[in-house]
Amino acid sequence: MTTFAPSIYTLPSTPYPSNSYPSSTLTEQYETEDLISSLFELTSPPTSDIRSSSSQSRGSDSLPTTLRKGEHTKFLAEGFFRLSGKFVSLDASRPWLIFWTVHSLDLLQVALDQGTKDRVVSTELHFLSPLGGFAGGPSNTQLPHLLPTYAAVSSLVIVGNAGPGGGWEELANARQSIYEFFMRCKRPDGGFVVCQDGEVDVRGTYCLLVVATLLDLLTPELLHNVDQFIASCQTYEGGFACSTFPFPSSPRAAMAEAHGGYTSCSLNSYFLLKSIPMPDPAFPKPIDAHAALRWSVLQQGEAIEGGGFRGRTNKLVDGCYSWWVGGAIPVVEELVKREKVGRERMEKKVSRIEKVDEEEVGVAEQEEDWEDEAPAPPLFNRVALQEFTLIAAQQEPGTTGGLRDKPGKRPDQYHTCNVLSGLSTAQHRVVHSASTVTANKAAFDSSKGLPAIKPVSPDGGWASEEERQRVRREVWANALGWVEEEGSELVVGGKENRVNTTTPVFNILGLRLKPFINFFYCQDS
Amino acid sequence: MYSAEYRDAMDYFRAIAASGEKSERALELTETVIRMNPAHYTVWQYRMATLLELKKDLEEELQLMNAFAVENLKSYQVWHHRLLLLTHISPQDPSSEIDYIHQALLPDPKNYHTWAYLHWLYSHFSTLGRIPDEQWKHEQQWCEEMLRVDGRNNSAWGWRWFLRVARPGAATSQADGVKEELNYALKAIHLIPHNVSAWNYLRGLLKHFKLPLTPLLPAVIPYTTRPSATSVESSSTFDFPLPSDPLPNDTPLPVSLALEYLGDSLIEQNQTTEAGQVFEELSLKYDRMRAGYWEYRRRECVEE
């Protein structure tokens, strides 16, 4: 395994070659290389496999190669219960603060008591706007916004329940109004404003699609042109930009360079769109998954930078991209696999046409789904990313706890959540399993469901009830199609460093996602 | 807890917003809140609606934003407010706004919001027919200056792509333009052979214009430490910039992205076995951080 995911400690610590051309990019790069490599020099290699960790001395919370779960939990708890004055800047992002905290705790295997969960649910419901959607704070003061809507719903997935006051029932009752809010955000070019008079970018698209998928809100009018918008954000580098400009009579143009955060949003959006069996076979407009994969793996920093991810070409590594870039690699891997299978199937079809009389017809033809394949090499260095997390992204032992951008930066909830989510991706290999999706589809009961969404325009809905049910079945089956590959767990530093398994695309634990989506699709498998 | 000042301001805002009051004092209040919390999107929305309703001088608001943006370069709302202001003011000649943005990029030459805004400015105002050819030329020179100062500034590379390739009427809509652009990218590689931005730009061009990689190999081979004989025409007929001789100091070879280029070119020539060997070298020797990815590329070659 480590042949294809070598430890930082086995790699030469080579600086980015200067080519005798100094520039500010290079200066900043060298500062970062020094900061990170000096931390690595102070430490000895952690054991790089869970199986060999049993003999290691354990328990000490201050070992540099230990994930200091206790300290991080304390950091999160303090931020959660005692909002200090300096967080005024997050007053319009309160659902985010909650999501970062409860998801981080979930990853760290820390259980919240029921009283706290109930308080979180009632706080979130306070943010639910009668106009549909969640606001960044109390809905009597703030407008609904797509980003907090995603964060609030994801938090309710984690801390809510189906019982009275548990949040899920309230959310179910708000489905139509949330949908109408989404439609008010929609623009003809397929983009969405994030709030009334707000900006348009792929963060909004991603947040909206996750919620629409989970709450069973998808309609053709909502999805119209969304694929065009996403596809045109892909840049010449292979990653995705924030947004796109709809020139009246020329192709759309990406509105900036490729960026990790927007690439995550775009790839995840594209994956969700891919799960929707639209009547139009040209949907979704294809992206170049190979180019996206190449761009993603090129963002992983060198050994001297600790193997963390950067968010843009020639920028600095930053812990938050552990999730934005690293966390999207399983998704792009799946997309690349599908492209390849699609290509091979085309080739097979061609060869079959050439020899129709060889009575081969019908053997594999009815197989709508392809088989699960043998394990591939890890597409990014999952060992190095864990080492980056342990050595460079943790706040110094015995201080505040929490995880950070890089040494010298203060930890915060955002980085804590994204670093831990990326760590989870590095420890656990989660793949989208065709056989699981097939089994899910077989188990789907289309007689059950919440009321169908009423489209805003009379012809904005599905053409028929059969079509609607086909979409529901496919969307639900695909959302629950992510499984952890058996025997693939790889925990650097010993098993006490293990974090829980997060689900690609959604960034929620699988054990949270399942009961929630089952509630909204009324499935009980 | 929030400061008493912030809480008071928010209580006041809640009351004003509930009554729908659009007044001078509402404007003052929104400014107070925004100064304390520039991410408060609801207050920004209310401020813009009030400015429009009171028919305020939006140029004045823009001046206020000039001072404000400097301290809040990372706020989505500040930039979006500015975009709305420019949309409403809709100047016949947006060049002073362009100059302002150029200035804003000097101290922070990779600010994503600022670059996205510059893309929008040119897109929006060119659609309205308000960007004369002179302005485009001037912008390209400015972009080249940015890249001269820091050839690794990937934001500036992205801007060049917009100016030269993506925008309607870009120079590369003609064949000469494509050749010119390939030359530009190769020269940039020869100046800074390890510059990922320049390699990505070159590959982006070839893919966008559906051009083969192989004809440019003579410009790439010297970075791979391979003999240049294989399948490459003699350099006398080669009409693209070649690497400097000697190469710049501190240019350790091989350059991984040159090897990748070679590998992809070999695939293009149906020499998949040789391509697989190149990817294997990257995996086992030259780019160990991405060993898994290069192994994946190698297996693809073997399967096909």
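About the cut-offs
Positions within a chain are numbered from 1, following the residues in the order the chain's sequence is written. Just so you know, chain letters begin at A and ligand numbers begin at 1, following the order they were written in. At least 70 in pLDDT is required for a residue's local features to be given in this predicted model, at least 80 for side-chain atom pairs to be given and counted, and no such filter applies to totals for whole chains, interfaces and linings, which use all residues. Hydrogens and water are ignored here; the side-chain numbers use all heavy atoms of the structure. Helix numbers and strand numbers start at the N terminus; a helix is a DSSP run of H or I with at least 4 residues, a strand a run of E with at least 2. Here a helix's expected span is defined as the number of its residues, less one, multiplied by 1.5 Å. Any two residues whose heavy atoms approach within 4.5 Å at even a single point are treated as in contact. Each salt bridge in this description consists of a side-chain nitrogen of Lys or Arg and a carboxyl oxygen of Asp or Glu lying within 4 Å of one another. Relative accessible area decides the class of each residue, using a 1.4 Å probe on protein chains only: under 20% of the type maximum gives buried, over 50% gives exposed, and in between gives partly exposed. Among the buried residues, those of types Ala, Val, Leu, Ile, Met, Phe, Trp, Tyr and Cys that are joined through side-chain atoms within 4.5 Å form a nonpolar core. What counts as a disulfide here is a pair of cysteine sulfur atoms lying within 2.5 Å. Buried area: the accessible surface (1.4 Å probe) lost by two parts on joining, summed over both. Here a polar contact is taken to be a pair of N or O atoms separated by no more than 3.5 Å, where protein atoms must pair a possible hydrogen donor with a possible acceptor and residues adjacent in sequence count only if both atoms sit in side chains. Three classes are used: nonpolar for Ala, Val, Leu, Ile, Met, Phe, Trp, Tyr, Cys and Pro, charged for Asp, Glu, Lys and Arg, and polar for all others, with Gly counted as polar. pLDDT runs from 0 to 100 and stands for how confident the predictor is about each residue. Patches here are clusters of residues that have more than 30% relative accessible area and form no salt bridge, with a 9 Å joining cutoff for like charges and a 5 Å cutoff for nonpolar side chains (Val, Leu, Ile, Met, Phe, Trp, Tyr). All accessibility values rest on the Shrake-Rupley procedure with a 1.4 Å probe; residue burial counts only the protein chains present in the view. The charge count includes Lys and Arg as positive and Asp and Glu as negative, but it does not include His or the ends of the chains. Taken as the charge centre is NZ of Lys, CZ of Arg, CG of Asp or CD of Glu, depending on the residue. Residue ranges assigned to each domain were obtained from an automatic or database domain assignment.

## Regarding helix α19 (residues 510-521) of chain A
Thought 1: Its 12 residues place the ends of α19(A) 16 Å apart at the C-alpha level, agreeing with the 16 Å of an ideal helix rising 1.5 Å per residue.
Thought 2: The inward-facing, buried residues of α19(A) abut α5 (146-159), α6 (168-173), α7 (175-185), α8 (202-214) and α18 (465-479) of chain A.

## Points about the pattern of salt bridges
All names here are of chain A.
Thought 1: Per the stated rule, a full pass over the model turns up 43 salt bridges over all chains.
Thought 2: For Glu333, the salt bridge is made with Arg429, and the minimal N-O distance between the two is 3.4 Å. Of this pair, Glu333 sits in helix α14 (residues 329-354) while Arg429 sits in the loop between α16 (413-427) and β3 (430-432), placing them 96 residues apart in sequence.
Thought 3: Residue Arg429 is classed as buried on the basis of its relative accessible area, which comes to 12%.

## What to know about helix α3 (residues 94-107) of chain A
Residue and element names in this part refer to chain A.
Thought 1: Relative to the 20 Å expected for 14 residues at 1.5 Å per residue, α3 spans 20 Å between its end C-alpha atoms, a close match to the ideal helical length.
Thought 2: A large share of α3 lies buried, amounting to 13 of its 14 residues.
Thought 3: Directly beyond the C-terminal end of α3, a positive phi value near 65 degrees is found at Gln109.

## Considering the side chain of A:Gln427
Thought 1: Note that A:Gln427 resides in helix α16.
Thought 2: With sequence-adjacent residues up to four places away left out, A:Gln427 is seen in contact with A:Arg382, A:Gln386, A:Ser488, A:Glu489, A:Leu490, A:Val491, A:Asn497, A:Arg498 and A:Val499.

## Focus: the nonpolar core
As a rule of thumb, soluble globular proteins bury nonpolar side chains together.
Residue and element names in this part refer to chain A.
Thought 1: Among the nonpolar cores identified, the biggest contains 247 residues, and Phe182 and Phe520 are the most heavily contacted of them.
Thought 2: Tallying contributions element by element places α5 first for this core, with 10 residues.
Thought 3: Those residues in contact with Phe520 that sit more than four places away from it in its chain are Trp168, Leu171, Ala172, Arg175, Leu214, Leu215, Asp216 and Leu450.

## As for the state of the cysteines
Where two cysteines share a covalent bond between their sulfur atoms, that bond is called a disulfide.
All names here are of chain A.
Thought 1: With the rule as written, the count across this model stands at 0 disulfides over all chains.
Thought 2: The thiol of Cys242 is not disulfide-bonded; the next cysteine sulfur, from Cys233, is found 7.2 Å away.
Thought 3: For Cys242, a relative accessible area of 7% translates into the label buried.

## Focus on the interface of chain B and chain A
Thought 1: Chain B puts 75 residues into the contact, and the matching count from chain A is 83 residues.
Thought 2: Summing both sides of the interface, chain B and chain A together bury roughly 6,600 Å²; the carbon and sulfur share of this comes to 55%.
Thought 3: For the interface between chain B and chain A, the tally reads 4 salt bridges.
Thought 4: Notably, a salt bridge pairs B:Glu260 with A:Arg294, separated by 2.6 Å at the nearest N-O pair.
Thought 5: The tally of links from chain B across to chain A stands at 48 residue pairs in polar contact (both at pLDDT 80 or more).
Thought 6: Classifying every residue of the side of chain B that touches chain A gives 34 nonpolar, 24 polar and 17 charged.

## Some points on the confidence of the model for chain B
Thought 1: Confidence along chain B averages 94 in pLDDT terms, with 96% of residues attaining 70 or more.
Thought 2: Reported for the predicted complex are a pTM of 0.95 and an ipTM of 0.97.

## Looking at a negative patch on the surface
Thought 1: On the surface, A:Glu28, A:Glu31, A:Asp34 and A:Glu41 cluster together into a patch of negative charge.
Thought 2: Among the secondary structure elements, A:Glu31 is positioned in helix α1 (residues 24-41).

## What about the domain arrangement of chain B?
All names here are of chain B.
Thought 1: Domain annotation for chain B reports domain 1 (1-90), domain 2 (92-173) and domain 3 (176-303).
Thought 2: Taking only C-alpha atoms into account, the centre of domain 2 sits 29 Å from that of domain 3.
Thought 3: Taken residue by residue, the interface counts 12 residues in domain 2 and 15 residues in domain 3.
Thought 4: Buried surface at the junction of domain 2 and domain 3, both sides included, amounts to about 1,200 Å², of which 62% is carbon and sulfur.
Thought 5: A per-residue breakdown of the area domain 2 buries against domain 3 is headed by Trp157, Trp161 and Thr172, which together make up 48% of the total.
Thought 6: The interface formed by domain 2 and domain 3 includes 3 salt bridges.
Thought 7: A salt bridge links Arg164 to Glu180, with the shortest nitrogen-to-oxygen separation between them at 2.9 Å.

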